[in-house]
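Here's the letter readout for the chains.
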Amino acid sequence: MYVLTLAFLMAARGRDYYLAPAYPMMLAAGAAWSESWLRSLPTQRQTRILRAAWITLGINGLVIAALILPFAPVNSAWWRVQEATSHQFNLQIGWPELAATVARIRDSLPAADRAAVGVMAADEGEAGAVNLYGRAYGLPRAISGMNSNWLRGYGDPPPQTVIAVGFKPEELNRIFASCQVAAGLSNPYGVVNDIFRDRDKVYVCRNIRLPWPEFWKHFQYYG
């Protein structure tokens, strides 16, 4: 069952963690078989195998910890090694600054716009940053069409002015009649977050081209 599922996910280009729930069962089955096999061996050989297994596990654990635990200062030599290995460390950078930028744009709007403003995020990462860090600034909950965010809707009443983050200009021009660049995303480390590498502008948009209920029907997407 595992091999067939693995082959299917590889053919479908599924993500590597999709099979994670299978590994506890695989490890348990392997451990049970290994214990029976060890008991069939002479005592001295059992001891040597167990000692080698513990040493291997210890070294493996230390190597993995050194590569995946975020203990190195950002932009340090070891941080760059970790980033080159996992390609995930840059994704941890810039989220508080994103929320602060959105809040700064919100505060710069006229009072009439602030009364009916919404924050629309293209990616679940940006939506999560607004929802988590934006609480300190009193930001509204982000709306997004990505994954389960779409199920939460666009708010009631619908926003009249939208601060859009994570979109390309051509994407927003298909949704709104008017969009202007309000700010760029940055962080004190100078690290480029791969999620918004080419989507680092924040826009203020008005005059949605379709009514919100009609637009929202076709705004759902997955990633």
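In this text the structure is predicted, and so the values were computed from the model without any measurement.

Asks: Looking at this structure, I do not really get the pairing of strand β1 (residues 117–121). What am I missing?
Replies: Within a regular beta strand, the side chains point alternately toward one face of the sheet and then the other, so they alternate between its two faces. Of all five residues in β1, five are buried; the element is thus mostly enclosed. Of the two faces of β1, both are covered, the one formed by Val-117, Val-119 and Ala-121 as well as the one formed by Gly-118 and Met-120. In the sheet, β1 pairs with strand β2 (residues 161–165) via five bridges, with the strands oriented parallel. Across the sheet, the residue bridging to Gly-118 is Val-162, located in β2.

Asks: Would you mind going over a nonpolar patch on the surface with me for this structure?
Replies: Residues Ile-64, Ile-68, Leu-69, Phe-71, Trp-78 and Val-81 make up a contiguous nonpolar surface patch of roughly 550 Å² in combined accessible area. Elements supplying a minimum of two residues to the nonpolar patch: α3 (43–68) and α4 (77–86). Overall, the relative accessible area of 36% leaves Trp-78 in the partly exposed class.

Asks: Mind showing me how you'd approach the nonpolar core here?
Replies: Note on soluble globular proteins: their nonpolar side chains tend to be buried together. Membership of the largest hydrophobic core comes to 21 residues, with the highest contact counts inside it found for Leu-98 and Ile-163. Elements with a minimum of two residues in this core: α5 (95–108), β1, α7 (124–133), β2 and β4 (201–208). Other than its neighbours up to four places away in sequence, Leu-98 contacts Glu-126, Ala-129, Val-130, Val-165, Leu-185 and Phe-196. Counting 16 residues, the second largest nonpolar core, distinct from the first, contains Ile-143, Val-162, Trp-216 and Phe-219.

Asks: Any chance you could explain the state of the cysteines here in plain terms?
Replies: By definition, a disulfide links two cysteine residues through a covalent bond between their sulfur atoms. In total, this model carries one disulfide according to the counting rule given. Between the sulfur atoms of Cys-179 and its disulfide mate Cys-205 the distance is 2.1 Å. When the S-S torsion is 115°, as for the bridge of Cys-179 with Cys-205, the disulfide is right-handed. One end of the pair, Cys-179, is in strand β3 (residues 176–184); the other, Cys-205, is in strand β4, and 26 residues separate them in sequence. Using a relative accessible area of 0% as the deciding quantity, one classes Cys-205 as buried.

Asks: Help me understand the packing of α5 against α7, please; the structure alone is not making it clear to me.
Replies: Relative placement of two packed helices is described by the angle separating their axes and the distance separating the axes. α7 packs onto α5 with a crossing angle of 70° between their chain directions and a minimal axis gap of 9 Å. Between α5 and α7, the angle falls in the class roughly perpendicular. Contact residues: Trp-95, Pro-96, Leu-98 and Ala-99 in α5; Gly-125, Glu-126, Ala-129, Val-130 and Tyr-133 in α7. Residue composition of the contact of α5 with α7, by class: seven nonpolar, one polar and one charged.

Asks: For this particular structure, what's the right way to read the pattern of salt bridges?
Replies: Pairs can form between side chains of opposite charge whenever their charged atoms are close. If you walk through the whole model with that rule in mind, you get nine salt bridges. The partner of Asp-198 in a salt bridge is Lys-168, and the shortest N-O contact between them spans 3.3 Å. One end of the pair, Asp-198, is in the loop between β3 and β4; the other, Lys-168, is in the loop between β2 and α8 (169–175), with 30 residues separating them in the sequence. By relative accessible area, which is 25% here, Lys-168 ends up partly exposed. Its salt-bridge partner being Glu-214, residue Lys-217 comes within 3.6 Å of it at the nearest N-O pair. On the criterion of helical spacing, the pair formed by Lys-217 and Glu-214 is a turn pair, its members being three residues apart in helix α9 (residues 212–217). When salt bridges with common partners are traced through the structure, they connect Lys-168, Glu-171, Asp-198 and Arg-199 into a single cluster.

Asks: Before we go on, may I ask you to explain the packing of helix α2 (residues 23–39) against α3 in this structure?
Replies: Between α2 and α3, the shortest axis-to-axis distance is 9 Å and the interhelical angle comes to 145°. Facing α2, whose interface residues are Trp-37, Leu-38 and Arg-39, α3 presents Gln-46, Ile-49 and Leu-50. Residues that form the contact of α2 with α3 fall into these classes: four nonpolar, one polar and one charged.

Asks: I would appreciate a short explanation of the packing of aromatic side chains in the present structure.
Replies: In this description, a pair of aromatic rings is defined by centroid distance and the angle of the planes. Under the criterion given, the structure shown has twelve aromatic pairs. Relative to Tyr-221, the ring of Phe-219 has its centre 5.5 Å away and its plane inclined at 80°; by these criteria the two rings are edge-to-face. Joined through ring pairs, the aromatic side chains of Tyr-154, Trp-212, Phe-215, Trp-216, Phe-219 and Tyr-221 make up one cluster.

Definitions and limits used
- Along each chain, residues carry numbers from 1 onward, in the same order as the chain's sequence is written.
- Per-residue local features are limited, in this predicted model, to residues with pLDDT of at least 70; the limit for side-chain atom pairs, both in listing and counting, is 80 or more; totals at the level of whole chains, interfaces and linings are taken over all residues.
- To obtain the side-chain values, all non-hydrogen atoms of the structure were included, while hydrogens and water were left out.
- Each residue gets one of three labels from its accessible area relative to the maximum for its type: buried under 20%, exposed over 50%, partly exposed in between, using a 1.4 Å probe on protein chains only.
- Runs of H or I in DSSP of at least four residues are treated as helices and runs of E of at least two as strands, each being numbered from the N terminus.
- Two strands pair under a simple rule: DSSP has to find at least two bridges between them.
- Here the term patch refers to residues with relative accessible area over 30% and no salt bridge, with like charges joined within 9 Å and nonpolar side chains (Val, Leu, Ile, Met, Phe, Trp, Tyr) within 5 Å.
- Here the accessible surface of atoms and residues is derived via Shrake-Rupley with a 1.4 Å probe, and residues count as covered only by protein chains that are part of the display.
- A side-chain nitrogen of Lys or Arg and a carboxyl oxygen of Asp or Glu constitute a salt bridge if their distance falls within 4 Å.
- The term nonpolar core refers to a set of buried residues drawn from Ala, Val, Leu, Ile, Met, Phe, Trp, Tyr and Cys, joined through side-chain atoms within 4.5 Å.
- We call two residues in contact when some of their heavy atoms are within 4.5 Å.
- Working definition: a disulfide is two cysteine sulfur atoms within 2.5 Å of each other.
- Axis lines are fitted to C-alpha atoms, over the contacting stretch for helices. Their N-to-C directions set the angle, which ranges from 0 to 180 degrees.
- When describing relative orientation, an angle under 35 degrees is termed roughly parallel and one over 145 degrees roughly antiparallel, while 65 to 115 degrees is termed roughly perpendicular and anything else oblique.
- Classification convention: Asp, Glu, Lys, Arg as charged; Ala, Val, Leu, Ile, Met, Phe, Trp, Tyr, Cys, Pro as nonpolar; all other residues, Gly among them, as polar.
- What counts as a ring pair is set by centres within 6.5 Å for rings of Phe, Tyr and Trp (its six-membered ring), and what kind of pair is set by the plane angle: stacked under 30 degrees, edge-to-face over 60, tilted for all other angles.

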